[in-house]
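Inside the fold
Take a look at the letters that make up each chain.
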Amino acid sequence: MKQIKILMISPDYEKCGISHYTTSLSETISSQNNDLEIKSIRIKNRVKFLPFYCNVIKKIVSNEFKIIHIQHEFSLYDNLYGITLIPSYVILKMLSKIKGFKIITTLHTAWDLKELKGSIDPKFGENSLLLSIAKVYILLHTKLVCKLSDRVIVLGKPCVHILSKQYEVEPSKIKYIHHGVYTNKAEEPTKEEIEEFRKKFNIKEHSKIITLFGFPYPSKGYHYVINVLPEVVKEHKNLVLIVAGGLPDVGNVNSLKRYFNYLKNMPKKLGVGDNVVFTGFLSWKDLGILFTITDLFIFPYEKRVNASGSLNSVIPYLKPIIVSDSSLFDELREAKAVITVDVKNKEKLRNAIMDIIYSKSLRKTLRERLEKYMISNSISNSAKEHIRLYFHLVKY
């Protein structure tokens, strides 16, 4: 059988979850099916519009691609909230009529227009006029992208309802595929490497470690965890909160920088400066060490319905996880693999943390359930769903 050629268009930044996701997905698909040949256009840094798209068109025209698969995100391909993606899709659709390929878009963000305020760039949320403009732009942009795509993949179940109801996308065009748990853990660290890591960040050997992992977006609610820390430290002096992650390569970095600085100033003001460590961006190896020594992960996200690469990176370490009541965690809740808490309620968050620290049986139960969830929702299973979709569209 002749190989089916697929062109994957995606960002290529070191500090970017979508870039990591695309690499993992492409490699897993290639390892599972020899009848598919995945070629990539990986975009490094912000590119000049005309030279880049001339290169894309040249590559498409000179190859017999059956599918063009775009990893879509508003802020990854330009400095204009994805405006240059609009003519890109129009050009691709025109080419698809000539070359006969199908267009798949993975929407990494499907905005809930009813909860847009507080979820996007603060300068939009603080100004009613700008917020209204942002809503109209996001609505029209998303509807056009979906209209010009043959299939739209979403990585969060709630996104299916949002696209069909708020953006009026045909339900038959929408395909939910789980993000996939990254089952390829970093290499098991040695005792010496763990000791060196502890020394580097001044973490005592017998400390209980809580980790917040991921880019510090305001909507991730890290401030709720820092705010409750004084209450927890009263009962457990050796507790350390590690905020792992720095600023990304893309997006509204200035806005994130303000929030990140706010987070950094909180511990000292609350009297727990010695109990909080900000690591900045960590290598994959160092993340493996951190995840290995972590006792508890917390994901206190607000207003988020899309998938989390950070969450799917820590699950293979089978450590207890506390999550907010965000719909992002619905499937984990259904599996009873996490503890859900109202993160805005200091007493409830504190009690959840202490329950996990002191209850060995609770930790064991969560570990067993999390392992079952990981097996059912691995990146391998996600890749199989993509493969089925590719073959379906080619034969369609």
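One structure accompanies this document, and this report is about it. Bear in mind that the values here come from a model prediction, so they are computed numbers and not experimental data. (Residues numbered from 1 in each chain as written. Predicted model: local features only at pLDDT ≥ 70, side-chain atom pairs only at ≥ 80, totals over all residues. Heavy atoms only, no water.)

1. Notes on the packing of helix 13 (residues 346-358) against helix 14 (residues 360-376)
Packed helices, taken two at a time, are described by the angle their axes make and the gap between the axes. Direction vectors running N to C along helix 13 and helix 14 enclose 95°, while the axes themselves pass 5 Å from each other. With respect to helix 14, the axis of helix 13 lies roughly perpendicular. Contacts between helix 13 and helix 14 pair Asp-355, Ile-356, Ile-357 and Tyr-358 from the former with Lys-360, Leu-362, Arg-363 and Leu-366 from the latter. Here the residues of the contact of helix 13 with helix 14 sort into five nonpolar, no polar and three charged. (Axes fitted to C-alpha atoms, helices over the stretch in contact; angles between N-to-C directions. Helix = DSSP H or I, 4+ residues; strand = E, 2+ residues; numbered from the N terminus. Parallel < 35°, antiparallel > 145°, perpendicular 65-115°, else oblique. Contact = heavy atoms within 4.5 Å. Nonpolar A, V, L, I, M, F, W, Y, C, P; charged D, E, K, R; others polar.)

2. What to know about the layout of surface pockets
There is about 240 Å³ of room inside the second largest pocket. Sorting the residues of the lining of the second largest pocket by element identifies strand 8 (239-244) and strand 9 (276-280) as the ones contributing at least two each. Its residues placed into classes, the lining of the second largest pocket shows six nonpolar, five polar and three charged. (1 Å grid on protein atoms, 1.4 Å probe; cavity = no way out; pocket = protein on both sides within 12 Å on 5 of 7 lines; lining within 4 Å. Points joined across faces, edges and corners; volume = space filled by probe spheres on them.)

3. Here we look at the packing of helix 7 (residues 191-200) against helix 10 (residues 284-293)
One can describe the packing of helix 7 onto helix 10 by two numbers: an axis separation of 10 Å at closest approach and a directional angle of 90°. Classified by the angle between their axes, helix 7 and helix 10 sit roughly perpendicular to one another. Residues Glu-193, Ile-194, Phe-197, Arg-198 and Lys-200 of helix 7 lie in contact with helix 10, whose contacting residues are Lys-285, Asp-286, Ile-289, Leu-290 and Ile-293.

4. Side note on the environment of Glu-235
Here Glu-235 is to be found in helix 8 (residues 222-235). Measuring from C-alpha to C-alpha, the distance between Glu-235 and Val-272 comes to 13 Å, with 37 residues separating the pair along the chain. With sequence-adjacent residues up to four places away left out, Glu-235 is seen in contact with Arg-350, Met-354 and Tyr-358.

5. Focus on the packing of aromatic side chains
Between two aromatic rings, the relevant description is the distance of the centres plus the angle of the planes. In this structure the tally under the stated criterion is ten aromatic pairs. With 5.0 Å between their ring centres and 55° between their planes, Phe-197 and Phe-201 make a pair best called tilted. There is no split in this pair, since Phe-197 and Phe-201 are both buried. A ring pair is formed by Phe-291 and Phe-297, whose centres lie 5.6 Å apart and whose planes are at 75°; its orientation type is edge-to-face. Taken individually, Phe-291 and Phe-297 each receive the classification buried, so the pair is uniform in this respect. In textbook terms, an aromatic cluster arises when at least three aromatic residues are bridged by ring pairs, as seen for Phe-213, Phe-291, Phe-297 and Tyr-317. Between Lys-185 and the ring centre of Tyr-317, over which it is positioned, the NZ or CZ distance is 4.9 Å. (Phe/Tyr/Trp six-rings, centres within 6.5 Å; stacked < 30°, edge-to-face > 60°. Buried < 20%, exposed > 50% of the residue type's maximum accessible area, 1.4 Å probe, protein only. Lys NZ or Arg CZ within 6 Å of the ring centre and 35° of its normal.)

6. A short note on empty space enclosed by the protein
The tally for this structure, following the rule as stated, stands at two cavities of 30 Å³ or more. Every residue lining the largest cavity is counted, 18 residues in all, and those nearest its centre are Leu-155, His-178, Leu-328, Glu-331 and Tyr-373. For the lining of the largest cavity, the secondary structure elements donating two or more residues are helix 6 (157-166), helix 11 (309-314) and helix 12 (330-334). At three residues, helix 12 tops the list of elements feeding residues into the lining of the largest cavity. Of the residues assigned to the lining of the largest cavity, the class counts are nine nonpolar, six polar and three charged.

7. Topic: a nonpolar patch on the surface
A grouping of Leu-129, Leu-130 and Ile-133 is seen on the molecular surface, where their side chains present a nonpolar patch of about 270 Å² in accessible area. Structurally, the position occupied by Leu-130 is in helix 5 (residues 128-147). Leu-130 gets classed as partly exposed once you look at its relative accessible area, which sits at 32%. (Patch = residues over 30% accessible without salt bridge, like charges linked within 9 Å, V, L, I, M, F, W, Y side chains within 5 Å. Areas by Shrake-Rupley, 256 points an atom, 1.4 Å probe, with all protein chains shown as cover. Salt bridge = Lys/Arg side-chain N within 4 Å of Asp/Glu carboxyl O.)

8. Quick word on the pairing of strand 1 (residues 4-11)
Burial analysis of strand 1 places seven of its eight residues in the buried class, the great majority of the element. Where strand 1 lies against strand 2 (residues 36-43), eight bridges are found, and the strand directions are parallel. Bridge assignment links Met-8 to a residue of strand 2, and that residue is Ser-40. The pairing of strand 1 with strand 3 (residues 65-72) spans five bridges and is parallel. (Pairing = 2+ DSSP bridges.)

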